[in-house]
Amino acid sequence: MSDQPRQPRSPRKPYRRPQKDPVRMLAFEALRAVDERDAYANLVLPPLLRKAREKGDFDTRDAALATELVYGTLRRQGTYDAIIAACVDRPLREVDPPVLDVLSLGAHQLLGTRIPTHAAVSASVELARVVLGDGRAKFVNAVLRKIAQDDLDAWLEKVAPPYDEDPEDHLAVVHSHPRWVVSALWDSLGGGRAGIEDLLAADNERPEVTLVARPGRATAEELLREDAAVPGRWSPYAVRLAEGGEPGAVEAVRENRAGVQDEGSQLVALALANAPLDGPDEKWLDGCAGPGGKAALLAALAAERGALLLASEKQPHRAGLVAKALDGNPGPYQVIAADGTRPPWRPGSFDRVLMDVPCTGLGALRRRPEARWRRRPDDLDGFAPLQRSLLHTALDSVRVGGVVGYATCSPHLAETRAVVDDVLKQRPEAELVDARPLLAGVPELGEGPDVQLWPHLHGTDAMYLALIRRTG
């Protein structure tokens, strides 16, 4: 036996239970819903925030931080994936999705916010302890400490291929879009590097909340009396809410006299409503009316002229949303659930027809950033026959001398000009109308006669509009 005295053991630190951070817990819950259930953040987040407020866990600043963490992480997911991949010793597909969500939330706090490095790492590790367990929290801690060694620009230098070697892949990593989406947007936009970089950057900016004053029921002047309200850029009915403005607090919105609607959607409806006609102007159709924003504006405009709007939507639950949006309209209208490819109305029944067709939604990536990761190039093949069929229905539904508006919330050429060109080749009795004069004051509308709006040029979603007159 040794004569050396036995060294006393250092006392073990008592186990500390992880502390739940309500803000980061909510952000994690929202990201899991987006990943597991293919939910959309703009639908998942509001009820989560409302529940947190009711429990007393959240104030306004907490809600703002949770919103930034969710949307910022989703917008930059591709960039953060590339950075995380450089810091782990396995393919990302082998990292459990909940672990990847915690890492992405941590990466966004480190690289996309002003949260101090120590706080970002410690808060993320604490979240990992709560939702993943202590073992995987150690993995999260190790990865985030590697990420924290550089800022975003330095990481992009490491993980993005040089622009000169692969422009599309460079832009995909730097601006967090799938490569095929970068290519498609660039084809539609045209031009050089500056334009596409501006567009992709605009997709990653938080969009303003824009209201529409429904004619005959509210005015822009009334909405401008609200706190944080400023005039719209192009639509006479548009009012923008500065950051922090809450639509639900606006009396006219609560009373359904106004609504939330992107200015690009307002411009589409206004252009159709103001297009010159030959003959009467009594019956209008919105053939793909859900969820009802354009239909509500069209119904209000029609009411001012004594015209009737028929709003048709295939999905019954979406038809219910349309009916709710139109409730209280001062003029005559009707809402029906009907398949636009097999319409119940007679041909030639309408003077004006809007067909805002189902599409990939690539024009609204500012609002639904997760959509960029869900869409695939072969989705275009699924939408193509439906889009062409609905445009044929619109041309069948309008009378001779009447006007059709074909609209999409996608700038992809396969969903815009390709559809219109293909259909018009089969319809010699129809011709394009120059839509540009009907968007008075809006700059950079291209060579026409159709119109493509852009987030970076117009501050709107990337709405497309072609106006077509039936001539015979």
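For clarity, every value in this text was computed on a predicted model and none was experimentally measured.

## Some thoughts on the layout of surface pockets
Over the atoms a probe the size of a water molecule is rolled, and this reveals where empty space is left.
And step 1. A volume near 580 Å³ is recorded for the second largest pocket.
And step 2. Secondary-structure elements contributing two or more residues to the lining of the second largest pocket are helix 1 (22-37), helix 4 (77-85), helix 5 (97-111), helix 9 (167-175) and helix 17 (371-374).
And step 3. Classifying every residue of the lining of the second largest pocket gives 12 nonpolar, three polar and eight charged.

## Regarding the sheet that holds strand 1 (residues 209-213)
And step 1. Here we have four strands laid out as an open sheet, ordered 2-3-1-4, and antiparallel in their pairing. Of all the strands in the sheet, the pair left with one neighbour each is strand 2 (229-231) and strand 4 (258-260). For this sheet, the mean angle separating the axes of adjacent strands, direction not counted, is 30°.
And step 2. The pairing of strand 2 with strand 3 (residues 238-241) spans three bridges and is antiparallel. Paired with Ala 229 across the strands is Leu 241, a residue of strand 3.
And step 3. Its contacts with the sheet place helix 14 (residues 263-274) against strand 1 and strand 3, and it is angled at close to 30° to strand 1.

## Let's talk about the environment of Asp 89
And step 1. Secondary-structure assignment places Asp 89 in the loop between helix 4 and helix 5.
And step 2. Residue class for Asp 89 comes out exposed when judged on its relative accessible area of 70%.
And step 3. As a C-alpha pair, Asp 89 and Val 143 span 54 residues in sequence and 10.0 Å in three-dimensional space.

## Re helix 7 (residues 134-147)
And step 1. Look at helix 7: 20 Å from first C-alpha to last across 14 residues, which is about the 20 Å you get at 1.5 Å a residue.
And step 2. Those residues of helix 7 that fall on the buried side of the exposure criterion are Ala 137, Val 140, Val 143, Leu 144 and Ile 147. The buried residues of helix 7 occupy one face: seen down the axis, they fall within an arc of 125°. For helix 7, the exposed residues set more than 90 degrees away from the buried face come down to Gly 135, Lys 138 and Arg 145.
And step 3. Those residues of helix 7 that are buried lie in contact with helix 4, helix 5, helix 6 (117-131) and helix 8 (152-159).

## Some thoughts on the pairing of strand 3
And step 1. Neither face of strand 3 is open: one carries Ala 238 and Arg 240, the other Val 239 and Leu 241, and all of them are buried.
And step 2. Sheet topology note: the strand 1/strand 3 ladder contains four bridges and is antiparallel. Its bridge partner being in strand 3, Leu 211 is matched across the sheet by Val 239.
And step 3. Between the antiparallel neighbours strand 2 and strand 3 lie six residues.

## Considering the packing of helix 5 against helix 6
And step 1. In contact at an axis separation of 9 Å, helix 5 and helix 6 are set at 165° when each is read in the N-to-C sense. With respect to their mutual orientation, helix 5 and helix 6 come out roughly antiparallel. As helix 5 runs across helix 6, the sense of the crossing is right-handed. Here helix 5 contributes Val 102, Leu 105, Gly 106, Gln 109 and Leu 110 to the contact with helix 6, which in turn contributes Thr 117, Ala 120, Val 121, Ala 123, Ser 124, Leu 127, Ala 128 and Val 131.
And step 2. Class assignment for the residues of the contact of helix 5 with helix 6 results in nine nonpolar, four polar and no charged.

## Section: the environment of Leu 453
And step 1. Tracing the backbone through its elements, the reader meets Leu 453 in the loop between strand 11 (451-452) and helix 20 (455-458).
And step 2. Measuring from C-alpha to C-alpha, the distance between Leu 453 and Arg 399 comes to 28 Å, with 54 residues separating the pair along the chain.
And step 3. Contact partners of Leu 453, with chain neighbours within four places excluded, come to Gly 264, Leu 267, Leu 439, Val 442, Leu 445, His 458, Thr 460, Asp 461, Ala 462 and Met 463.

## Examining the nonpolar core
And step 1. Core analysis: the biggest nonpolar cluster contains 55 residues, and Leu 26, Phe 58, Val 70, Leu 111, Val 140 and Ile 147 have the highest contact counts within it.
And step 2. Once you skip the residues sitting within four places of it in the chain, Leu 26 turns out to touch Leu 45, Leu 48, Leu 49, Ala 52, Phe 58 and Ala 66.
And step 3. In this structure, Ala 273, Ala 275, Leu 297 and Ala 307 belong to the second largest nonpolar core, which totals 41 residues.

## Overview of the packing of aromatic side chains
And step 1. Summed over all chains, the structure comprises two aromatic pairs.
And step 2. Between Trp 345 and Phe 350, the ring centres sit 6.0 Å apart and the planes meet at 85°, which makes this aromatic pair edge-to-face.
And step 3. Taking the relative accessible area as the measure of exposure, Phe 350 reaches 5% and is therefore buried.
And step 4. Here Tyr 406 and Tyr 464 contribute two aromatic rings whose centre-to-centre distance is 6.4 Å and whose plane-to-plane angle is 75°, an arrangement assigned as edge-to-face. Of the two residues, Tyr 406 sits in strand 9 (residues 398-408) while Tyr 464 sits in strand 12 (residues 464-470), which places them 58 residues apart along the sequence.
And step 5. Across from the ring centre of Phe 139, 4.7 Å away, lies the NZ or CZ of Arg 90, which sits over that ring.

Thresholds applied
- Residues numbered from 1 in each chain as written.
- Predicted model: local features only at pLDDT ≥ 70, side-chain atom pairs only at ≥ 80, totals over all residues.
- Heavy atoms only, no water.
- 1 Å grid on protein atoms, 1.4 Å probe; cavity = no way out; pocket = protein on both sides within 12 Å on 5 of 7 lines; lining within 4 Å.
- Points joined across faces, edges and corners; volume = space filled by probe spheres on them.
- Helix = DSSP H or I, 4+ residues; strand = E, 2+ residues; numbered from the N terminus.
- Nonpolar A, V, L, I, M, F, W, Y, C, P; charged D, E, K, R; others polar.
- Pairing = 2+ DSSP bridges.
- Axes fitted to C-alpha atoms, helices over the stretch in contact; angles between N-to-C directions.
- Contact = heavy atoms within 4.5 Å.
- Buried < 20%, exposed > 50% of the residue type's maximum accessible area, 1.4 Å probe, protein only.
- Expected span 1.5 Å × (residues − 1).
- Arc of directions from axis to C-beta.
- Parallel < 35°, antiparallel > 145°, perpendicular 65-115°, else oblique.
- Left-handed = near helix turned anticlockwise from the far one by under 90°.
- Core = buried A, V, L, I, M, F, W, Y, C linked by side-chain atoms within 4.5 Å.
- Phe/Tyr/Trp six-rings, centres within 6.5 Å; stacked < 30°, edge-to-face > 60°.
- Lys NZ or Arg CZ within 6 Å of the ring centre and 35° of its normal.

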